[in-house]
Amino acid sequence: MTAMDFAYILEALPDLMTGLKMTLIVSFLAIFLSCLIGLLGAVLRTSGIKQLQYAVTAYVEFIRGTPYLVQIFFIFYGLPSLGMRFSIFWSGVIALTAWASAFQIENFRAGLAAVGRGMHDASASLGLKRWQHSVFVILPLATRAALPSAMNTIVATVKNSAYLQAIGLVELTFVAVDRIAYDFRAIEMFASICVIYLLCVFTISGLGYMVERRLSRPFGGR
């Protein structure tokens, strides 16, 4: 049985950190864009305009009902035949954003549904305009209610960035697999990236927990 070669892991660490940098960049862009799209999609899905509701629902069901890897291949290999060609980097960002957005739409939709009718009546009694009610009452409460499930999607977004190595994006998993092809040190590489992904997930989860506690303070959640 071959022992773990920690010297080899240290020697490979700079390459892994380069891959991690790309993973974090792609994930951050996808998280930011998917949260914006998710919030907008949730508003449209609850707008009462049937055409918009149907369009958003169809998008969510399509993304959730098809394999993520197929979506990546469709964007990178399929869209160029329709005249839409993107670089490996932007294909990865688009694919990751499209996947995460579908789940964030549902997360924020549930958050909006959690805001009771009493809040509408309270805002009306205070004389708040519709936009003030939406921005200062509905949005903060819906965000607080949606935060736990939204954080789960954010964590999954970071982990799913590993699929992008299938189209040649030089992220963390790509670097590990590439080194395995040359050095045949699979146990060291896969163990290393597992630890790195765990650290990323624990960090994101910890930040999400801190934000959740901060938002819960006005409601007695100290």
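What you see as residue numbers is a count from 1 along each chain, following the sequence as written. Per-residue local features of the predicted model are confined to residues with pLDDT of at least 70, and side-chain atom pairs are confined, for both listing and counting, to 80 or more; whole-chain, interface and lining totals are unaffected and use all residues. With hydrogens and water stripped out, all remaining heavy atoms of the structure feed into the side-chain values.

Student: Any details on helix α1 (residues 6–45)? Residues and values, ideally.
Tutor: The reported bend at a residue is simply the angle between two axes, fitted to the 7 residues ending at it and to the 7 residues beginning with it. Secondary structure elements are taken from DSSP: a helix is a run of H or I of four residues or more, a strand is a run of E of two residues or more, and numbering for both begins at the N terminus. Residue L13 marks the point of greatest curvature in α1, where the axis turns by about 45 degrees; the proline P14 follows within four residues. Two or three places before A7, at the start of α1, stands the capping residue D5, its side-chain oxygen 3.2 Å from that residue's backbone nitrogen. Between N or O atoms, a polar contact is any pair within 3.5 Å; within protein, one atom must be a potential hydrogen donor and the other a potential acceptor, and residues adjacent in sequence are included only when both atoms are from side chains.

Student: If you had to explain helix α4 (residues 88–113) to someone new, which residues and values would you point to?
Tutor: Expected span of a helix: the number of residues minus one, times 1.5 Å. The first and last C-alpha atoms of α4 sit 38 Å apart over 26 residues, in line with the 38 Å expected at 1.5 Å per residue. S101 marks where α4 bends most, by close to 25 degrees.

Student: Outline the packing of α1 against helix α7 (residues 172–183), supporting the account with residue identities and numerical values.
Tutor: In the contact formed by α1 and α7, the axes pass within 7 Å of each other and the chain directions differ by 145 degrees. Residues Y8, E11, A12, D15, L16, G19, L20 and T23 of α1 pack against L172, V175, A176, R179 and D183 of α7. Considering only residue class, the contact of α1 with α7 consists of seven nonpolar, two polar and four charged. Fitting a line to C-alpha atoms yields each axis, with helices limited to the stretch in contact; the angle taken between N-to-C directions then spans 0 to 180 degrees. Residues count as neighbours in contact if any of their non-hydrogen atoms are within 4.5 Å of one another. Asp, Glu, Lys and Arg are counted as charged, while Ala, Val, Leu, Ile, Met, Phe, Trp, Tyr, Cys and Pro are counted as nonpolar; the rest, among them Gly, fall into the polar class.

Student: Could you give an account of the layout of surface pockets, with specific residues and numbers?
Tutor: Considered as a void within the structure, the second largest pocket measures approximately 250 Å³ in volume. Lining the second largest pocket we find L24, S27, F28, I31, F32, M151, I154, V158, C200, T203, I204 and L207. For the lining of the second largest pocket, the elements supplying multiple residues, two or more each, are α1, α6 (130–160) and α8 (186–216). It is α1 that provides the largest number of residues to the lining of the second largest pocket, a total of five residues. Grid points spaced at 1 Å over the protein atoms alone were grouped into cavities, where a 1.4 Å probe fits but cannot get out, and pockets, open sets with protein on both sides within 12 Å along at least five of seven lines, with lining residues defined by an atom within 4 Å of a point. Grid points are joined across faces, edges and corners, and a volume is the space filled by probe spheres set on the points.

Student: I'd like a rundown of unusual backbone geometry, residues and numbers included.
Tutor: The phi dihedral of F184 is positive, around 55 degrees, even though this residue is not glycine. Secondary-structure assignment places F184 in the loop between α7 and α8.

Student: So what's going on with the nonpolar core? Residues and values would help.
Tutor: We define the nonpolar core as a collection of buried residues of types Ala, Val, Leu, Ile, Met, Phe, Trp, Tyr and Cys that are connected through side-chain atoms lying within 4.5 Å of one another. Any residue under 20% of the maximum accessible area for its type is buried, any over 50% is exposed, and the rest in between are partly exposed; the area is computed with a 1.4 Å probe on protein chains only. Ranked by internal contacts, the top residues of the largest apolar core, which has 19 residues, are V26, Y68, I72, W99 and L164. Secondary-structure elements contributing two or more residues to this core are α1, α3 (68–78) and α4. With residues near it in sequence (within four places) discarded, W99 still touches I63, Y68, Q71, T153, A156, T157 and N160. Ranked by size, the runner-up nonpolar core spans 14 residues in total, among them L16, I180, M189 and I193.

In short, geometric facts, not functional conclusions.
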